[in-house]
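Given next are the chains, with one letter for each unit.
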Amino acid sequence: MALLELNVENLAVLSKVRLPLSRGFTVVTGETGAGKSLVVDALSLALGARASADQVRSGEAAARIEAIFDDVPRDADEPLDELVAAGEGMVIVRREISADGRSTVRVNDRTVTVGALASLAGRLAEIHGQHDQQRLLDPARQLALLDRASDLGELRNEVQARHRAWRAVVAASAELLTDAHELARRVELLRHQADEIAAAQLHAGEDFELEATVRAAQHAQEIARSAAEAHRALRDEGGATEQAGAAVSALQAAAAHDERFAPLLERAHGVLAEAEELARDVGDAGERVDLDPVSRAAAEERLELVYELKRKYGATVEQVLDFGAAATDELARLEDQEGARDRLRSQDQRLRAELDEATQRLTAARRRAATDLAKRVNAELPPLGLPASAFGVGLSPAESGPFGADRVEFTFAPNPGEPPRALARIASGGEASRLSLALKVVLAVADDTPLLVFDEVDAGIGGRNAAALGERLKRLADHHQVLCVTHLPQVAAYADSHLHVGKRVDGGRTHTELRALSGDERARELAAMLGGGGGGEAQAAAAALLRSAE
C-alpha cells in the first residue's frame, strides 16, 4: 500500500499544494515558518484527526484535503471495507473543513463519519510527532507488537483458541437452571406442551383440509342437489352424452363420403368420451357428499382443536409441529440436566487447565521476548542521541483473557539515575519520536502499518547523530513508506525523494509552494541547510553527504 498523492487547499498558509509521493523514504524540507509541518497536519486531517475553523485560511470559505491511497488491503471487519472493495484497492479520502467549523468526509465519493475514517486510517498510517496520539502508546498494541516481533503468534493463537473453547463451556454452564423449583416448573410446562401437541397427531396442511371439509359440510344439501342436476343434464334423455352420441353418428355418415370430416369425427369421439367420463365422476362425487350431521360436528371439533393449538404455539400447523419438536428436545435436555452439569464441570476443569498451561507457556515466552526486545531497541538508541539502556519492556500479571494473562508496558528512562516511566508519559515530543523510530526499526517486519510519518523526529539531535537517524529512516523504508519533515541535511541526504516547501508574499498575502527536488537542486538545498550561505564549502559538504548516503 502507498500514499500516492496529498492535495491541500486553504489550510492555514497553504493556499494550494499538491504533494506527489512515492514508495520508499521521502523528506520534506524548507525554511522555518514555510509550512512544513502543515503537510503533516493535512495528512492528519485526512486520517480522521479533529478539525477546527482556525485551520481554514483567512478569508476562505473552507479548507480541503484530498489523500489518494493505492493497494489498500481488504479487511472484512473494517466498516469501510466495501468502499475499499468498490475502489479495487484505491481509496480516495476527501475532507472539507468550513470556516464555521463544520467538517465533511468522503471516502471514494461516499459520505462517512470521521470516526469511520479514523478506523480505516488507523491501519493505513501512523504519525509520530509532537502532541500526536500514537497507537504505539496503547498497551494492547504494545502487547501485539511484542508477540509479533518475537514470533509468538502461534502461542498467542493457541491461547486464544483455548480461551474461546473454555468460555463456550462456561456459557453453556450458565444456561443450566440451578433453582430446583424453577427447573421443575420448566420441565412440567415443556412436558405439557410436548404432550398436548403430540396427542393431537397433526400433519402438515391439516388446517386447510379441515377448513375445506367444514365448508363443504355446511352446504352439503345444496352441493348434493347441484351434483344431481348436473348428472341429469349429462345422462338424461336429450342430455349431453346423448347429443354427443348423435353428433358422432352424423359425422360417421359424412366421413364415409368425405375424408375432410374424419378429423371432426375423431374430435366428436373425444367429446363423447369426455361427456361420459364427466357424468360418471359427477355421479360419484354426488354420492360421496356427506350429509351426516355427526361427521360435520366431528370435523368442526377437530378444526377447533387445530385453531387452539395454532393460537398457543404458532401461526401454522408446521410451526406448531416445530414448537413441539423443540419442546421435546429441551425437555430431554432438562431431564438430563444433572448429567449435563457433571459433563460440563468436567470439561470446564479440563479446558481451564489446558488454558492455564498454554497461558503460562506464553507468559514465559514473553518474558524472554521482553528482554530480547529491550536489548535490540537499546542498541539503536545511542546513535539517535538517546541514553543506552533507557528503553525497557515491563511485564506484569493481568486478568486472564483471550491473549494471555500479561500486561505489557514499554518504559523509558531519559535521564540516567531516574526511574523508568511509561512511554505514554514521556514529555518530550522529540524523545518520543526518536524512541518510536528505534522501535519501528526493530519491529519493522512485525509492524504492518504501511505509512509512517515523522515530524520533529530530529528535535534535539546534532550533526553527530543526524546521519544515524537518516540511515535508520532509510532502513525503515525497506518495509514501509516513510515521510519525514526534517531540518537536518544529514537526514535529508538519505531520502529517495526530496520535497521542498517555500513561501512567497504576493499581493500582501503569504503563499506556500512545494517542489520536488532532484540532482543539482537537491544538492543546493542540502548546502543551504548546512549554512554558510550555500557557498563552495557547503556545496562540497552537500555532495559528500549525498555520496555517503548512497
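Check the entry above for the structure.
For clarity, every value in this text was computed on a predicted model and none was experimentally measured. All chains use their own residue numbering, which begins from 1 and follows the written sequence. Given that the model is predicted, a residue must reach a pLDDT of at least 70 before its local features are reported, and side-chain atom pairs must reach 80 or more before they are shown or counted; all residues, however, enter totals for whole chains, interfaces and linings. The side-chain figures draw on all heavy atoms in the structure; neither hydrogens nor water molecules are used.

Novice: Give a description of the packing of helix H4 (residues 139-149) against helix H13 (residues 337-380) that names residues and reports values.
Specialist: Helix-helix packing is characterised by the crossing angle of the two axes and by the distance between the axes. Close contact between H4 and H13 brings their axes to 10 Å; oriented N to C, the two are set at 90°. For the element pair H4 / H13, the angle class is roughly perpendicular. Counted together, Leu143, Leu146, Asp147 and Ala149 of H4 and Arg366, Ala369, Ala370, Leu373 and Arg376 of H13 form the full contact between these two elements. Note on residue classes: Ala, Val, Leu, Ile, Met, Phe, Trp, Tyr, Cys and Pro are nonpolar, Asp, Glu, Lys and Arg are charged, and everything else, Gly too, is polar. A per-class count over the contact of H4 with H13 returns six nonpolar, no polar and three charged. Fitted lines through C-alpha atoms serve as axes, helices being fitted only where they are in contact, and the angles separating the N-to-C directions of these axes extend from 0 to 180 degrees. Starting at the N terminus, helices and strands are each numbered in turn, a helix being any DSSP run of H or I of at least four residues and a strand any DSSP run of E of at least two. Angles below 35 degrees are treated as roughly parallel, those above 145 as roughly antiparallel, those between 65 and 115 as roughly perpendicular, and all remaining angles as oblique. Should any heavy atoms of two residues lie within 4.5 Å, those residues are considered in contact.

Novice: Go over the side chain of glutamine 142, please, and point to the residues and values.
Specialist: Along the polypeptide, glutamine 142 turns up in helix H4. With relative accessibility at 3%, the residue glutamine 142 sits in the buried group. If we ignore the near neighbours within four places in the chain, the residues touching glutamine 142 are Leu136, Leu137, Val408, Glu409, Phe410 and Leu423. Per-residue accessibility, obtained with a 1.4 Å probe over protein chains only, is compared with the maximum for each type, and a residue is labelled buried under 20%, exposed over 50%, and partly exposed between these values.

Novice: Tell me what's going on with the sheet that holds strand E8 (residues 125-128), and back it up with residues and numbers.
Specialist: Strands are treated as partners if at least two bridges between them are detected by DSSP. Ordered by their spatial adjacency, six strands build an open sheet running E8-E12-E13-E3-E14-E15, and the pairing between neighbours is mixed. The strands lining the two open edges of the sheet, one partner per strand, are E8 and strand E15 (509-517). The mean angle between the axes of side-by-side strands here comes to 15°, regardless of whether they run parallel or antiparallel. Where helix H1 (residues 36-46) meets the sheet, it contacts strand E3 (25-30), E8, strand E12 (451-455), strand E13 (481-485) and strand E14 (497-506), and its direction lies at approximately 140° from that of E12.

Novice: Please give an account of the sheet that holds strand E5 (residues 91-98) that cites residues and values.
Specialist: On the basis of which strands lie adjacent, the open sheet formed by six strands has the order E2-E1-E4-E5-E6-E7 and antiparallel pairing. At either end of the open sheet lies a strand with only one pairing partner, and these are strand E2 (14-20) and strand E7 (110-112). Shown here is a sheet whose adjacent strand axes are inclined to one another by a mean of 15°, direction ignored. Inspection of the sheet shows strand E4 (residues 62-70) paired to E5 by eight bridges, in the antiparallel sense. Note that in E5 the partner of phenylalanine 69 across the bridge is valine 91. Contacting strand E1 (2-11), E2, E4 and E5, H1 runs over the sheet at an angle of about 105° to E1. The sheet contacts of helix H3 (residues 114-121) involve E5, strand E6 (103-107) and E7, and relative to E6 the element is tilted by about 50°.

Novice: Give me the lowdown on the pairing of E15, citing residues and values where you can.
Specialist: Taken residue by residue, a regular strand's side chains alternate between the two faces of the sheet. As defined by bridge partners, E14 adjoins E15 across nine bridges and the pair is classed as antiparallel. By the bridge assignment for E15, arginine 504 is matched with histidine 511. What sits between the antiparallel neighbours E14 and E15 is a turn of two residues, in which glycine 507 has the positive phi angle 65°.

Novice: Let's hear about the packing of aromatic side chains: which residues, and what values?
Specialist: By convention, a stacked pair of Phe, Tyr or Trp rings (six-membered ring in the case of Trp) has centres within 6.5 Å and planes under 30 degrees apart, an edge-to-face pair has planes over 60 apart, and any other such pair is tilted. Counted by the stated rule, this structure contains two aromatic pairs. Consider the rings of tyrosine 313 and phenylalanine 323, whose centres lie 4.8 Å apart with planes at 35°: the pair is tilted. Here tyrosine 313, found in helix H11 (residues 293-313), pairs with phenylalanine 323, found in helix H12 (residues 317-335); they are 10 residues apart in sequence, far enough to count as distant. Look at tyrosine 313 and you get buried, because its relative accessible area is 10%. Measuring from centroid to centroid gives 5.4 Å for phenylalanine 391 and phenylalanine 410, while their planes differ by 70°, and the two rings are edge-to-face. Taken together, the residues phenylalanine 391 in strand E9 (residues 391-401) and phenylalanine 410 in strand E10 (residues 404-412) connect sequence positions 19 residues apart. For the pair shown, phenylalanine 391 and phenylalanine 410 are each scored as buried. Here the guanidinium or amino end of arginine 167 rests over the ring plane of tryptophan 166, the centre of that ring lying 5.5 Å away. Counted as over-ring charges are cases with an Arg CZ or a Lys NZ within 6 Å of the ring centre that also lie within 35 degrees of the ring normal.

Novice: Go over the packing of helix H17 (residues 519-530) against helix H18 (residues 536-549) with me, naming the residues and quoting the values.
Specialist: Following both chains from N to C, one finds H17 and H18 inclined at 115°, their axes separated by 8 Å at the closest point. Pair H17 / H18 crosses with right-handed handedness. Together, Arg522, Ala523, Arg524, Leu526, Ala527 and Leu530 of H17 and Ala538, Gln539, Ala541, Ala542, Leu545 and Leu546 of H18 make up the contact between the two elements. Of the residues assigned to the contact of H17 with H18, the class counts are nine nonpolar, one polar and two charged. Definitions for this section: a left-handed crossing has its near helix turned counterclockwise from the far helix by less than a right angle. A right-handed crossing has that turn clockwise.

Novice: Pulling in residues and values, what's your account of the pattern of salt bridges?
Specialist: One speaks of a salt bridge when a side-chain nitrogen belonging to Lys or Arg is within 4 Å of a carboxyl oxygen belonging to Asp or Glu. For the structure on display, the rule yields 32 salt bridges. The residue arginine 350 makes a salt bridge to glutamate 354 at a minimum N-O spacing of 3.5 Å. Taken together, the positions of arginine 350 and glutamate 354, both in helix H13 and four residues apart, correspond to about one turn of that helix. Owing to a relative accessible area of 44%, arginine 350 belongs among the partly exposed residues under this scheme. On the basis of relative accessibility, which here comes to 27%, the residue glutamate 354 falls in the partly exposed class. One salt bridge connects arginine 366 with aspartate 406, and the closest N-O pair in it is separated by 2.8 Å.

Novice: Can you explain the pairing of E3? Please cite residues and give values.
Specialist: For E3, the buried fraction is high: six of the six residues fall into the buried class. Side chains Phe25, Val27 and Thr29 project from E3 onto one buried face, and the interleaved Thr26, Val28 and Gly30 project onto a second face that is buried too. Alignment of E3 against E13, held across four bridges, turns out to be parallel. What sits directly across from phenylalanine 25, in E13, is valine 482. Sheet topology places E3 next to E14; five bridges connect them, and they run parallel. Bridge assignment links threonine 29 to a residue of E14, and that residue is histidine 500.

Novice: An account of helix H9 (residues 240-257) is needed here, citing residue identities and associated values.
Specialist: With 18 residues, H9 extends 27 Å between its outermost C-alpha atoms, agreeing within 8% with the 26 Å of an ideal straight helix rising 1.5 Å per residue. Among all positions in H9, only Thr241, Ala244, Val248 and Leu251 are buried. Down the axis of H9, the smallest arc covering the buried residues is 85°, so these residues share one side. Expected span, for any helix, means 1.5 Å times one less than how many residues it has. Note that the arc is defined by the directions from the helix axis to the C-beta atoms.

Novice: Describe the environment of alanine 125, with residues and values.
Specialist: Mapping alanine 125 onto the fold places it in strand E8. Taking the relative accessible area as the measure of exposure, alanine 125 reaches 9% and is therefore buried. Residues alanine 125 and leucine 145 lie 20 residues apart in sequence; the distance between their C-alpha atoms is 16 Å. With sequence-adjacent residues up to four places away left out, alanine 125 is seen in contact with Leu47, Thr449 and Leu451.

Note that every value here comes from positions in space, so none of it alone points to a role or purpose.
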